[in-house]
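Commentary on secondary and tertiary structure
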Amino acid sequence: MADERFEHILVCQEQLVPVTALDDEGKPLYQLPGSKRHPVPFIGYHDNAFLKPVIRSFLQRREPAPHLLTMNENVNSVSAKAMVKEGFGLGWLPTTLLEDNFRYNRLDFAADQSWNIPVEIRLYRSRLNQNQQLQKLWPHLQRTLPLERYRWRRATIIRFRLTHESTGLFFPPEPTAANHRKPAG
């Protein structure tokens with residue numbers, strides 16, 4: 001969004017990577033780009049999912065064009081991951097969901113890195129918005145963002161546990177010796 005009326009803060013950077021389940025010999029079940037005669041089964045995202053237009057735009061510009069056969073569409077990445085793990089097709093998933101799966105040889109890449117999709121998660125606000133709470137919150141966000149990968153993952157998990165009564169604002173806990181562990185690898 002290149003508009004002077006708005007400003008943004010980077011929350012985190014992520015990559016969507018094409019992954020597939022493994023066969024009995026530990027080899028990827030599916031590989032991109034597929035062919036017209038043998039399209040690759042694809043686990044996609046529903047029209048209401050924010051990742052669908054991201055992936056669609058990427059695939060429309062991709063050369064060689066992939067040959068995909070949509071088997072299922074999901075609203076969230078966790079559901080898509082479950083379908084991919086069961087071998088129903090390949091799917092583009094955020095790397096933060098995949099760390100343990102690669103470590104334990106449950107999933108593998110379905111293509112080389114040229115098929116990865118970089119994504120930035122950003123917060124936007126209107127420069128004209130003079131709401132007092134926002135004026136206090138925005139400087140705090142500027143100081144604390146972007147989140148390190150560990151803190152982003154933890155914030156995401158905790159955010160899903162908040163009730164519908166929440167204001168939608170979430171501040172991840174500051175790391176302490178008790179709650180801060182660096183991810184393995």
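My aim in this report is to walk through the structure given alongside it, one point at a time. Since this is a predicted model, take the numbers as computed values, not measurements. All residue numbers refer to position in the chain's written sequence, counted from 1. Per-residue local features of the predicted model are confined to residues with pLDDT of at least 70, and side-chain atom pairs are confined, for both listing and counting, to 80 or more; whole-chain, interface and lining totals are unaffected and use all residues. Heavy atoms throughout the structure, all of them, feed into the side-chain values; hydrogens and water do not.

With respect to the overall build of the protein
Rules: Helix and strand assignments come from DSSP, with helices taken as H or I runs of at least 4 residues and strands as E runs of at least 2, each series counted from the N terminus. For every residue, the accessible area obtained with a 1.4 Å probe (protein chains only) is divided by the maximum for its type, and the residue is called buried under 20%, exposed over 50%, and partly exposed between those limits. Contact definition: two residues touch when any of their heavy atoms are within 4.5 Å.
Helix and strand counts for the protein stand at five helices and six strands. Ordered by position from N to C terminus, the α and β elements of the protein give β-β-α-β-α-β-α-β-β-α-α. Here the protein, with 185 residues, has 34% of them falling under the buried criterion. Of all intrachain contacts in the protein linking residues separated by at least 6 positions in sequence, the fraction that spans at least 24 positions is 75%.

Let's talk about helix H2 (residues 77–85)
Short version of the rule: The directions from the helix axis to the C-beta atoms are what the arc is built from. Each polar contact in these results corresponds to two N or O atoms within 3.5 Å; when the atoms are within protein, one needs to be able to donate a hydrogen and the other to accept it, and residues that are neighboring in sequence are counted only if both atoms are side-chain atoms.
Taken as a whole, H2 has its buried residues at Ser77, Ala80, Lys81 and Val84. Axial view of H2: buried residues confined to an arc of 100°, hence all on one face. Structurally, the start of H2 carries an N-cap: the backbone nitrogen of Val78 is 3.1 Å from a side-chain oxygen of Asn76. Looking one or two residues past H2, Gly87 carries a phi angle of roughly 90°, positive in sign.

Section: the side chain of Lys52
Here Lys52 lies in helix H1 (residues 51–61). Residue class for Lys52 comes out buried when judged on its relative accessible area of 16%. A polar contact is formed between the side chain of Lys52 and the side chain of Glu73, at a distance of 2.9 Å. Lys52 has contacts with Tyr45, His46, Asp47 and Glu73, leaving out every residue within four places of it along the chain.

Notes on the packing of aromatic side chains
Short version of the rule: Aromatic rings from Phe, Tyr and Trp, taking only the six-membered ring of Trp, are treated as a pair when their centres fall within 6.5 Å; an angle between ring planes under 30 degrees marks them as stacked, one over 60 as edge-to-face, and anything in between as tilted. We call a charge positioned over a ring when the NZ of a Lys or the CZ of an Arg lies within 6 Å of the ring centre and within 35 degrees of the ring normal.
Evaluated as defined, the whole model comprises one aromatic pair. Between Phe42 and Trp92 the ring centres are 5.9 Å apart and the planes differ by 75°, which places this aromatic pair in the edge-to-face class. With a gap of 50 residues between them, Phe42 in strand E2 (residues 40–45) and Trp92 in strand E4 (residues 91–94) connect regions that are remote in the sequence. Across the pair, Trp92 and Phe42 agree in class, each one buried. Over the face of the ring belonging to Trp115 we find Arg62, whose NZ or CZ atom lies 3.8 Å from the ring centre.

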